[in-house]
Amino acid sequence: MGTLDSILERGRPVTDTELARRADWIRLQTVELIAQAGLGHYASTFSAAELLATLYYHVLRINPADAQWPDRDRFLLGKGHVATGLWPVLADLGFYPKEWLSQFGKVGSPVNDHPNMKLAPGIDFSSGSLGHNLSVGTGIALGGRLDNRDYRTFVLTGDGELQEGQVWEAAMAASHYKLGNLTVIIDANGFSGSGPTSDAMNIEPLADRFDAFGWRVTEFDGHDIAALKKALGDDLPDPSFGQPSCLIARTEKGHGVEMFSKQPQAWHLGLLEPDQQADVVAEITKRMELSR
Amino acid sequence: MSAPTEKKMVDVFSDVERETARTANPSGYAVTELAAADPRVLTLSADLSNTLAEFREKFPERYVELGIAETNSVSVAAGLATCGFKPYIFSMAPFGVLKTAEQLRTDVDYNHLPVRLVGRLSGLAMGYFGTSHYAVEDIAIARTLNNTTVIAPADAASAVALLKQNAGHDGPAYIRIAEQVPAVYEEEPAYEFGKWLKIRDGGDLTLVGHGLGVSLAVQAAQQLKDEHGVEADVFDAAYLKPFDEAALADSAEKTRNVLAIEDHSVVGGLGTIVAETLAKHQIQARLKQAALPAADLEVGVPAELYEHYGLTAATVTTKALDLIRK
């Protein structure tokens, strides 16, 4: 099989139910990986689970057999601490063997708490230091235009990440260069590491702020699969459009597990006790079975 | 344009003619030459467009102005580099490495991306504008970046030569431009990657410099010979990372006296490189520095500041004599 035979095109058919189940599968995999590593970011990953599922199983044009294929859509995980939810997805799609997941968190592993583009195929750029990746994405989008390629560049940021000044330097540059091939998705779960995002430093009104910076802005429920498919797929303007797009996904930190969503702060970073983990897995598994 | 020996400030915000660009704006001149030969060369400017006047005219589509936003410029360049481009970022040295150290480390260096940062107006070149505009700690920071080549050309001809040579090296680089320094070379010198040029063969002591320090070493070596009969090894230490460990160790082993000359803090630059190398090779030698003190610095036009801080041929000569007569 040639490497071009493995291209996964944009808008691949998938039902809303399948994507919702895929999001829950990401949650289960995240719980397992964190248990293996001994510490991890549950609640932030859970708020982004539907986003990751929709991007990788419906939206992105990617090529697992040739991760560096020049025409692939790019995905940059600005909020790098959510990589735990991305690793099982990339393994499932065939970017690397599933056995790699058993190395998660170990010395020498290519997959760790934050993504490293030098180590893991499918990672378009390393992240971990918040605020960088919208700038990097701006560069990649500019590069696509210079090379006359029609790929799209997506950058997923947290809402707390928007407190970094560099984000707004990038926001200025992307609209200045009218980068319609660039989309920022904000996982607006309302919490940063130490509390409610806007208690630390108010970031609202987000839509007005990005609008004032010259972006096309849409806002929707980030756990509503139908809304995600629409905003990330059909509604996204052609890359030649004269404005970058800002998609504000209103999410719930810790979504999908009551214990997490009730106490999102406590589960920003942590490790479930075995009995807690059993309850969490049971809650997610039950929902997945009901949707069958 | 004025040389630092004249008591005037350097103006990099006015366009210069192509005839003078080679000497007055060597980095802008060189990158235009490189772009003509390689369609993947891009320039990014953090509000330093005059340096790139000719480049903009010849390759407007390959010029990206990013405004007064250095951190964004570095990360944007990293993104472009993942697409196979070779971005050259032009910024004022004080707002280059110092302001963007974390973006250079995390986005460029750790990812081994071929992004070049060209810092004009390094050291005390912006003297009169005040200490915020000094770049005297930049080498100390840049040389801790594992995968980044750090280059400090001695003059215009060497800046052109080193930019051309570095274009063939795949990886990040910081190129520190010494502004309007006296010419050391009549023609573009031939450098080897990571090697120092031995400009003069002496044996009584070792003079090493980069940037302005090279012309000071050359002038001092001549004075030492003419007036004192002292013969110095003189090295152009343009490559600060990797640097020419063997050349330094060999010379120091022989002379047992090393004077490091640089328009940079005494902390973390060439003087530190020499000290580390002497220690590593267990060479017993005396080391002196002609550099800027690790202290609050004065403000003034560069020529007066260099006099004040002893970055003149006369002071270097005196320090050299002190060193060998101890």
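Now for a look at the structure at hand. (Residues numbered from 1 in each chain as written. Chains lettered and ligands numbered in written order. Predicted model: local features only at pLDDT ≥ 70, side-chain atom pairs only at ≥ 80, totals over all residues.)

## Observations concerning the pairing of strand E11 (residues 257-265) of chain B
All names here are of chain B.
Here's step 1: For E11, the buried fraction is high: nine of the nine residues fall into the buried class.
Here's step 2: Judged from the four bridges that link them, strand E8 (residues 205-209) and E11 form a sheet pairing that is parallel. Bridged to Leu-207 within E11 is Leu-259.
Here's step 3: Bridge count between E11 and strand E12 (residues 286-292): six bridges; the pairing is parallel. The residue bridging Ala-260 from the neighbouring strand is Gln-289, located in E12.
Here's step 4: Of the crossover connections in this fold, the one passing from E11 over helix H10 (residues 270-280) to the parallel E12 is right-handed. (Buried ≥ 20, exposed ≤ 12 C-beta atoms within 10 Å, placed from the backbone. Helix = DSSP H or I, 4+ residues; strand = E, 2+ residues; numbered from the N terminus. Pairing = 2+ DSSP bridges. Right-handed = clockwise from strand over helix to strand, strands pointing away.)

## Comments concerning the interface of chain A and chain B
Here's step 1: Contacts between chain A and chain B engage 20 residues on the former and 21 residues on the latter.
Here's step 2: Those elements giving two or more residues to the side of chain A that touches chain B turn out to be helix H5 (133-146) and helix H6 (165-176) of chain A.
Here's step 3: The dominant element in the side of chain A that touches chain B, judged by the number of residues it contributes, is H5(A), at nine residues. (Contact = placed C-beta atoms within 7 Å.)

## So, the sheet that holds strand E4 (residues 116-120) of chain B
Residue and element names in this part refer to chain B.
Here's step 1: Reading across from one edge, E2-E1-E3-E4-E6-E5-E10 is the order of the seven strands in this open sheet, with mixed pairing throughout. Each having just a single partner strand, strand E2 (63-65) and strand E10 (239-241) make up the two edges of the open sheet. Within the sheet, the average angular offset between the axes of one strand and its neighbour, ignoring direction, is 20 degrees. (Axes fitted to C-alpha atoms, helices over the stretch in contact; angles between N-to-C directions.)

## What about the environment of Ala67(A)?
Here's step 1: Locating Ala67(A) in the fold gives a position in the loop between helix H3 (49-59) and strand E1 (74-77).
Here's step 2: Residue contacts for Ala67(A): discarding those within four places in its chain leaves Phe95(A), Pro121(A) and Gly122(A).

Take it as geometry only, folks, not as evidence of what the structure does.
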